Amino acid sequence: MESSKPKRRRSETSSTNLRIPEGIILEILWRLPVKSLLKFKSVSKPWLRLISSKYFKKTYIENSRKHKAFPHHSIVSPCWNPGGMMINSCPLYALLTEQSTHAPPLDCPKACSSEMLVLGSCNGLICVGVGRDKILLWNPATRESKELPYFFDGVNYDIEYCGFISYGFGILDEISGDYKVYALFYLACWDDEGVPLLCSMGKVYSLKSNSWGDTAVYYNETPLHGAIESAGKFASGKLHWIRKITESKWEIVFLDLMSETFGGLEKPSFMEDDFVPRFGVLDGCLCLFCDRPKMFDIWIWKKYGVEDSWIKFSRIPYDSNSWKTPFVTPLPEEWGQLCMLPNGEVLITYMSSEYESKFVIYSPKDNGFRQRYVDKFKDVDQVEVYSESLVSLVLDDEQEKAKS
């Protein structure tokens, strides 16, 4: 009996000295939801430093993009709720696996009785327009939010009425970690002499400086005059719009978030001017949806600086005389893509005859469709893919200064 006691003590001692390699711990933590990671910050100071580090946050986002089951992704859209207009959310994995699913409201920092817009989503942050002139950045996973400085500060006009014309949201680059918002407002106002004015104002907001840049005032046409969609599509550090020049002519306009200047992107050489396509973003690349009789094509812009870099991704058929596909009429204004799935399938949203946003998963392998329905979602142009993250609205540089 006595000889067995030391063996048990040695066994107990060896078990307490067992350490899990940090690499394995990281692989486990990167797979957890943000809600769990926030709790684990209180486990120890090393874990707090680890989960709060820039490297951990960046890798968490990269791993989420690669995960085939999309466990941390959601579809979000502004919806009417008993408490007013709020942002409702549906898990992407539920949308992919269930024919019908529910979209409850998120714990939005501001409910609105009039208007609410999703101006964009990037790396776990959602940019929201509230009412006529307020903009806020919000991380639903961490519940951190920040109202941007008032857009019209310093304007010496008596503003009677204003509203959004165009907008966009994206990250400047991964190194700086600065996020930028572009907003173009129209306004009806009176000048100092009581003369009525109708004009437009555009500015770029930087999270790093927490300020709006120089104001551009337009009294006639703006750089985005004729844009067929208000929301700019973010890809490769730029916001993109399709600008309609005439009924049969169009061009691609972009805003470079680095230089904060407008430019133009070449149109696909294969595309005629007799119809206007729509924009989207697939797998981080800019893409065009080209509606044709009984089909539409998806073309992807693969690389800036390469001449005619448009590559055909897929051709999706529909039949206006059949119920085999969900698209009954070829109306490009009433549909758009959401994301590309790891197996090459595409998640698409479209407007039903009941004026509700519905979803369909298209498989290029067999040209098949699987329909999906999410209650509450009404406006097809206001549906965004959101991926939760630990990105803070207090940038890492500011956090380091606060520590020192």
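Before reading on, note that the structure itself is shown above.
What counts and what doesn't
For every chain, the first residue of its written sequence is number 1, and the numbers climb from 1 along that sequence. Note on the predicted model: pLDDT of at least 70 is required for a residue's local features to be given, and 80 or more for side-chain atom pairs to be given and counted; whole-chain, interface and lining totals, by contrast, use all residues. As a rule here, side-chain values come from all non-hydrogen atoms in the structure, and water together with hydrogens is ignored. Definition used for salt bridges: Asp or Glu carboxyl oxygen within 4 Å of a side-chain nitrogen of Lys or Arg. In this text, helices come from DSSP runs of H or I with a minimum length of four residues, and strands from runs of E with a minimum of two, each type numbered from the N-terminal end. Throughout this description, buried means an accessible area under 20% of the type-specific maximum (1.4 Å probe, protein chains only), exposed means over 50%, and partly exposed covers the range between. Any pair of Phe, Tyr and Trp rings, taking the six-membered ring for Trp, is counted once the centres come within 6.5 Å. Such a pair is stacked with planes under 30 degrees apart, edge-to-face with planes over 60 apart, and tilted for the rest. Either the NZ atom of lysine or the CZ atom of arginine qualifies as a charge over a ring when it sits within 6 Å of the ring centre and within 35 degrees of the ring normal. Being paired, for any two strands, means DSSP has found at least two bridges between them. Angular values range over 0 to 180 degrees, each being the angle between N-to-C directions of two axes fitted as lines to C-alpha atoms, with helices fitted over their stretch in contact. Surface patches are drawn from residues lacking salt bridges whose relative accessible area is over 30%; two like charges belong together within 9 Å, two nonpolar side chains (Val, Leu, Ile, Met, Phe, Trp, Tyr) within 5 Å. Surface exposure here means Shrake-Rupley accessible area, sampled with a 1.4 Å probe, where a residue is shielded only by the protein chains that are shown. Only protein atoms enter the 1 Å grid used here. Points where a 1.4 Å probe fits but cannot escape make up a cavity, open sets with protein on both sides within 12 Å along at least five of seven lines make up a pocket, and a residue lines them when an atom lies within 4 Å of a point. Grid points are joined across faces, edges and corners, and a volume is the space filled by probe spheres set on the points. Pairs of N or O atoms within 3.5 Å make up the polar contacts considered here, provided that, within protein, one atom can donate a hydrogen while the other can accept it, and that residues adjacent in sequence are counted only when both atoms are side-chain atoms. Residues count as neighbours in contact if any of their non-hydrogen atoms are within 4.5 Å of one another. Gly falls in the polar group here, along with every residue not listed as nonpolar (Ala, Val, Leu, Ile, Met, Phe, Trp, Tyr, Cys, Pro) or charged (Asp, Glu, Lys, Arg).

Asks: I'd like a rundown of the pattern of salt bridges, residues and numbers included.
Replies: Two side chains bearing opposite charge may form a pair once their charged atoms approach each other closely. Scanning all chains against the criterion turns up six salt bridges. Taking the shortest distance from any N to any O, the salt bridge between Asp 107 and Arg 143 comes out at 3.7 Å. Highlighted residues: Asp 107 in the loop between strand S3 (100–101) and strand S4 (116–122) and Arg 143 in the loop between strand S6 (134–139) and strand S7 (144–147), separated in sequence by 36 residues. For Arg 143, a relative accessible area of 63% puts it in the exposed group. Residue Arg 243 is joined to Glu 251 by a salt bridge in which the shortest nitrogen-to-oxygen separation is 2.7 Å.

Asks: Kindly report on the packing of aromatic side chains, identifying the contributing residues and their values.
Replies: Two numbers describe a pair of aromatic rings. These are the distance of the centres and the angle of the planes. Applying the stated criterion to the full structure yields 17 aromatic pairs. One aromatic cluster in this structure is built from Tyr 150, Phe 151, Phe 152, Phe 164, Tyr 167, Phe 185, Tyr 205 and Trp 212. A cation sits over an aromatic face here: Lys 203 above Phe 151, 4.9 Å from the ring centre. Over the aromatic face of Phe 254 sits the side chain of Lys 238, whose NZ or CZ is 5.7 Å from the ring centroid.

Asks: An account of the sheet that holds strand S13 (residues 233–235) is requested, with residue identities and associated values reported.
Replies: Spatially, S13-S14-S15-S16 is the arrangement adopted by the four strands of the open sheet, whose pairing is antiparallel. The strands lining the two open edges of the sheet, one partner per strand, are S13 and strand S16 (261–265). Taken over all neighbouring pairs, the strand axes of this sheet differ in orientation by 35° on average, direction set aside. Summarising the sheet, strand S15 (residues 250–256) and S16 pair through five bridges and their orientation is antiparallel. From the neighbouring strand, Val 253 faces S16, where its bridge partner is Gly 264.

Asks: Would you mind going over a nonpolar patch on the surface in detail, with residue names and values included?
Replies: A cluster of nonpolar side chains, Ile 20, Ile 24 and Ile 28, forms an exposed patch at the surface whose accessible area comes to about 290 Å². Classification of Ile 24 as partly exposed rests on a relative accessible area of 44%.

Asks: Give me the layout of surface pockets: which residues, what numbers.
Replies: Over the atoms a probe the size of a water molecule is rolled, and this reveals where empty space is left. Considering only enclosed or pocket space, the second largest pocket measures out at about 540 Å³ in volume. Residue lining of the second largest pocket: 19 residues in total, with Lys 35, Leu 106, Pro 140, Ala 141 and Glu 388 positioned closest to the centre. Mapped by element, the contributors of at least two residues to the lining of the second largest pocket are helix H3 (34–40), strand S1 (73–81) and strand S2 (84–91).

Asks: Could you give an account of the side chain of Asn 123, with specific residues and numbers?
Replies: One can find Asn 123 in the loop between S4 and strand S5 (125–130). With a relative accessible area of 12%, Asn 123 lands in the buried category. Only 3.2 Å separates the side chain of Asn 123 from the side chain of Tyr 179, close enough to count as a polar contact. Every residue in contact with Asn 123, bar those within four places of it in the chain, is listed here: Ile 61, Arg 65, Ile 171, Glu 174, Tyr 179, Ser 387, Ser 389 and Val 391.

Asks: Mind laying out empty space enclosed by the protein, listing which residues take part and the relevant values?
Replies: Considering all chains together, one arrives at one cavity of 30 Å³ or more under this definition. Roughly 30 Å³ of volume is contained in the largest cavity. As for the largest cavity, its lining consists of Ile 228, Glu 229, Ala 231, His 240, Trp 241, Ile 242 and Phe 279. Looking at the lining of the largest cavity, the element that brings in the most residues is strand S14 (residues 238–244), giving three residues. Split into classes, the residues belonging to the lining of the largest cavity amount to five nonpolar, one polar and one charged.

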